[in-house]
Amino acid sequence: MINNDSEDFAGQAQMSVVDSRTVVVELDQDHPGFKDAAYRQRRNEIAKIAYEHKTGMPVPDAPYTQEEDELWATILELLRPVHEQWACAEYLEYWDKVNFPEDRIPQMREVTESLRRLGGFSFEPVCGLVLPRTFLIELKNDIMLGTQYIRHYSKPMYTPEPDVVHELVGHGPMLAVPKFMEVNRLFGEVTAIADDALVQKLINLYWWSIEFGSVKEGEALKSMGAGLFSSIGELASFAERPQRDFEPTLMENTAFDPTQYQPFYFCGESTDDVVRILTEHLQNYLR
Ligand SMILES: [Fe+2]
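About the thresholds
Note on numbering: residues in each chain are counted from 1, in written sequence order. Given that the model is predicted, a residue must reach a pLDDT of at least 70 before its local features are reported, and side-chain atom pairs must reach 80 or more before they are shown or counted; all residues, however, enter totals for whole chains, interfaces and linings. Put simply, DSSP H or I for four residues or longer makes a helix, DSSP E for two residues or longer makes a strand, and each gets a number counted from the N terminus. Each radius of gyration is computed over the set of C-alpha atoms, and the globule rule expresses the reference value as 2.2 Å times the number of residues to the power 0.38. Here, any two strands with at least 2 DSSP bridges between them count as paired. Think of each axis as a best-fit line through the C-alpha atoms, taken over the contacting stretch in the case of a helix, with angles from 0 to 180 degrees between the N-to-C directions. Counting other C-beta atoms within 10 Å of each residue's C-beta, where C-beta atoms are placed from the backbone, gives the exposure class: buried for 20 or more, exposed for 12 or fewer, partly exposed between.

A. Region of the structure containing the overall build of the chain. A tally of helices and strands in the chain yields 12 helices and 8 strands. Its C-alpha atoms give the chain a radius of gyration of 18 Å, within 12% of the compact-globule value 19 Å for 287 residues. Along the three orthogonal principal directions, the C-alpha set of the chain runs to about 50 × 40 × 35 Å.

Here's what the structure looks like:
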């Protein structure tokens, strides 16, 4: 989960620590869960897990309700056929290998166990959106920072902020694909030596590739991006919008707006080609 340095997500949550035992998530008035006291209480409990978490320790289970498990099942039921049509082959292959439960929200701990068995990354919890540097630098340690809460059940198709569906469904499978793991690590390694201007370029590049990149598979157009894998509406319609050449220098200098569907995408000739282009580009920063 990342934030664009210069722009806030509309309706995003803010966390504050009231005292050593109380963490409060402030939801915006137009957040779908604003008037649901029980939801807000759960959000506070989940934020506290992240606040108290120590890197490398097992992530405590989040307190999901039956309603939220059903919400996960509903979202997956709608997403899966769209994945089958539009997701790249690597995503579909590793979806099967990760083996998410379809009737309940998997705990972050379980998904990490599954990814680690495949040689993949670990998820570590954060309370909410983090700065690009904080997010990117952990990638060099095979760690992806993510949130545990799920969107409010009243709006299954909408969340004003990335939730557990985005983190686990969007990113999970690709974080066990060896060639994409390498690229994620490289983003982290470059971040470790980057000044603020370069971090901004890196987050732009990450956005247009790992979050929203597309690729050709023969004649077909496919997505390889986590932001699309977790959005039914955008994934189902991304092929209708312009596909630009996968040109990292252009991508890293292209700002993004996380609050709406992307107006265009950057499309590679294949996932191998995308990985090669990103690797060469990122390695240049390490020389
Ligand atoms: Fe993401």
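B. Structural detail: the sheet that holds strand β8 (residues 265-268). With respect to topology, 4 strands assemble into an open sheet ordered β6-β5-β8-β7, the strand pairing being mixed. Each end of this open sheet is capped by a strand with a single partner; those strands are β6 (220-223) and β7 (243-245). Across the sheet, the axes of successive neighbouring strands diverge by a mean angle of 45°, strand direction being ignored. Where β7 meets β8, 3 bridges bridge the pair, whose relative direction is parallel. Within β8, the residue paired with R244 across the bridge is F266.

C. View of unusual backbone geometry. Located in the positive-phi region is N99, a residue other than glycine, with phi close to 60°. Backbone geometry at D142 places phi at a positive 60°, although glycine is not the residue there. Mapped onto the elements, D142 comes out in the loop between α5 (132-138) and β4 (143-146). What makes D142 partly exposed here is the crowd of 17 C-beta atoms within 10 Å.

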